[in-house]
Amino acid sequence: MFQLSRRSAAMLMAASAFSLGASAQGDEPIRLGFLTIKSGALAAGGKQMEDGLRLFLKERNNTIAGRKVELFVADTGGQPAVTKTKAQELVEKNKVDVIIGPLAAFEALAVDDYIRKVQIPVISPSAAAEDLTQRKPNPWFVRAVGTSAQPNHPLGEYAARDLKYKRIAIVADDFAFGHEIAAGFQRTFEENGGKVVQKLWSPLNVADYGSYISQIDPKVDAVFAAFAGSNGVKFLKQYNEYGLKGKIPVLGAMTTVDEGVLKMMGDEALNIVSSGWYSAGVQNASNRHFVDAMRKEYKDDPGYYSIGAYGAALMLEEAAKAVKGKVEDRQALMDALRKVELTNDPRGTLKLDALGNPVMDVYIRKVERKDGKLVNTVIKTYPDVSQFWHYDRKEFLANPVYSRDWPPAKNLEK
């Protein structure tokens, strides 16, 4: 009897210890790092990213996979060196389990080596640098958004085939994102019979676009404008002031007329055709919920940056559920992130390719005015677009990464 009681007591103590351990683990929050930008040309996008992430957490009472979430927000200022320092602080000081961010392509490239070294899972909500999921894939990095060129392959084809444009001038931000956007558009536009006859590169923090607009060849069929942050607002306003609005149509990259900046524009944005993996006008139940929630919480339509952060959080949630909340096991979490398939994303169904980049629908959009405000109306859908478009993956990766100089611009006119 005494021996049975002692065994029972031991079993009870073990069960109690297990219960206490499980409770302690359950009480410990998931430590989520978030790299964003709060100042400079890209600050508007940084705010929208944070809005999307905070909405997601609010909807779930700050809980993912049964565990509370502690959010650590770091402002990079849009500076690569600062981005690396802030990433180090999140990992080494705040002891985060996973990072969502950063915003810009050049920031992601700046922290690439550090991410590999410390082996911290990173979900990109915005940074679209091509090679991070192409020739130099990072095993600790996945995207919630596409590469820079991914939505612009369809737009180049659409401009040549559907709009019948023959000669186009490109005006783009002079940094990696702008280079890669322009290159993807140029490649498919020219493969479908068009010619890019001008490329004008403007600094990211340029104050005046007048000198670039004045150089545009008046004989081109259209201008392709590839800008990030608030630069599209400034460019289109001055484009209108120079009297080109009604003379030469404008095509836009996704971020040029993103919902996040459309609210700052007027009639100068009307009828601009762009492409992207999101529009507030996408018709599915998940997007209607997301748009309604963003309007209620922030009085604005969601766009590129807010859907990127919201989508990144959806990916984290699915992966955390797959590992039963044990996000401290970084390798298991990273493996789960790479296997994520979302059916509840506002953009539609989303899955990752073998290199950690989403395969998703790309929408051709046209700026219209509805109920007194500017919106991106979907006019055509290209389903299941990958970062490699219709190209053979092996052949695609054998070429240089998209840049200012590749593919070669063989039709430029002086």
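Small disclaimer: the values here were computed from a predicted structure and weren't measured.

Criteria and thresholds
Residues numbered from 1 in each chain as written. Predicted model: local features only at pLDDT ≥ 70, side-chain atom pairs only at ≥ 80, totals over all residues. Heavy atoms only, no water. Helix = DSSP H or I, 4+ residues; strand = E, 2+ residues; numbered from the N terminus. Buried < 20%, exposed > 50% of the residue type's maximum accessible area, 1.4 Å probe, protein only. Core = buried A, V, L, I, M, F, W, Y, C linked by side-chain atoms within 4.5 Å. Contact = heavy atoms within 4.5 Å. Pairing = 2+ DSSP bridges. Axes fitted to C-alpha atoms, helices over the stretch in contact; angles between N-to-C directions. pLDDT = per-residue confidence, 0-100.

(A) The arrangement of unusual backbone geometry in detail. The omega torsion across Gly-101 and Pro-102 is -5 degrees, close enough to zero to call that bond cis. Mapped onto the elements of the fold, Pro-102 is located in the loop between strand E4 (98–100) and helix H4 (105–118). Even without glycine at this site, Gln-119 takes up a positive phi of about 55 degrees. With respect to the helices and strands, the residue Gln-119 is situated in the loop between H4 and strand E5 (122–124). Even without a glycine there, the phi angle at Trp-389 is positive, about 55 degrees. Mapped onto the secondary structure, Trp-389 falls in the loop between strand E15 (373–385) and helix H13 (393–398). Here Trp-389 falls in the buried class, since its relative accessible area comes to 12%.

(B) Quick look at the nonpolar core. Ranked by internal contacts, the top residues of the largest apolar core, which has 111 residues, are Leu-53, Ile-123, Ile-168, Phe-185, Phe-224 and Met-315. Considering every element that reaches this core, the biggest residue donor is helix H11 (residues 304–322), with 12 residues. Among residues more than four places away in sequence, those in contact with Phe-185 are Asn-152, Leu-155, Gly-156, Ala-159, Ile-168, Ile-170, Phe-224 and Leu-251. Counting 28 residues, the second-largest nonpolar core is a separate cluster that includes Ala-169, Val-220, Leu-244 and Val-261.

(C) Highlighting helix H5 (residues 152–161). By the criterion of burial, H5 is predominantly enclosed, with nine of the 10 residues buried. For H5, the complete set of buried residues consists of Asn-152, His-153, Pro-154, Leu-155, Gly-156, Glu-157, Tyr-158, Ala-159 and Ala-160.

(D) The arrangement of the side chain of Asp-345 in detail. Mapped onto the elements, Asp-345 comes out in the loop between strand E12 (341–342) and strand E13 (350–352). Look at Asp-345 and you get buried, because its relative accessible area is 1%. In contact with Asp-345, not counting residues within four places along its chain, are Asn-284, Ser-286, Ile-307, Gly-311, Leu-314 and Leu-350.

(E) The sheet that holds strand E2 (residues 63–64), seen in detail. Taken in spatial order, the six strands make up an open sheet running E2-E3-E1-E4-E5-E6, and their pairing is mixed. At either end of the open sheet lies a strand with only one pairing partner, and these are E2 and strand E6 (141–143). Against the sheet, helix H12 (residues 330–338) makes contact with E4, E5 and E6, and its axis sits at roughly 30 degrees relative to E6, the strand it touches most.

(F) A look at the environment of Thr-36. Relative to the helices and strands, Thr-36 is located in strand E1 (residues 30–36). On the basis of relative accessibility, which here comes to 1%, the residue Thr-36 falls in the buried class. Separated by 47 residues in sequence, Thr-36 and Thr-83 place their C-alpha atoms 8.9 Å apart. When neighbours within four sequence positions are excluded, Thr-36 is seen to be in contact with Gly-46, Met-49, Glu-50, Val-73, Ala-74, Asp-75, Thr-76 and Gly-77.

(G) Examining the confidence of the model for the chain more closely. Taken over all residues, the pLDDT of the chain has a mean of 92, while the share at 70 or more is 93%. Within the model, the stretch residues 1–7 combines pLDDT values under 50 with zero contacts to residues more than four positions away or in other chains. Within the model, pLDDT remains below 50 along residues 9–25, and this stretch shows three contacts once partners closer than five positions in the same chain are excluded.

(H) A look at the pairing of strand E14 (residues 358–370). Pairing of strand E11 (residues 273–276) with E14 involves four bridges; the strand directions are antiparallel. Considered in E14, the bridge of Gly-276 is made with Tyr-363. Here E13 runs beside E14; their pairing, made up of two bridges, is antiparallel. Paired with Lys-351 across the two strands is Val-359, which belongs to E14. With antiparallel pairing between neighbouring strands as the criterion, E13 and E14 make up a hairpin whose turn holds five residues, including Gly-356 at a positive phi of roughly 90 degrees. Inspection of the sheet shows E14 paired to E15 by 10 bridges, in the antiparallel sense. By the bridge assignment for E15, Met-360 is matched with Val-385.

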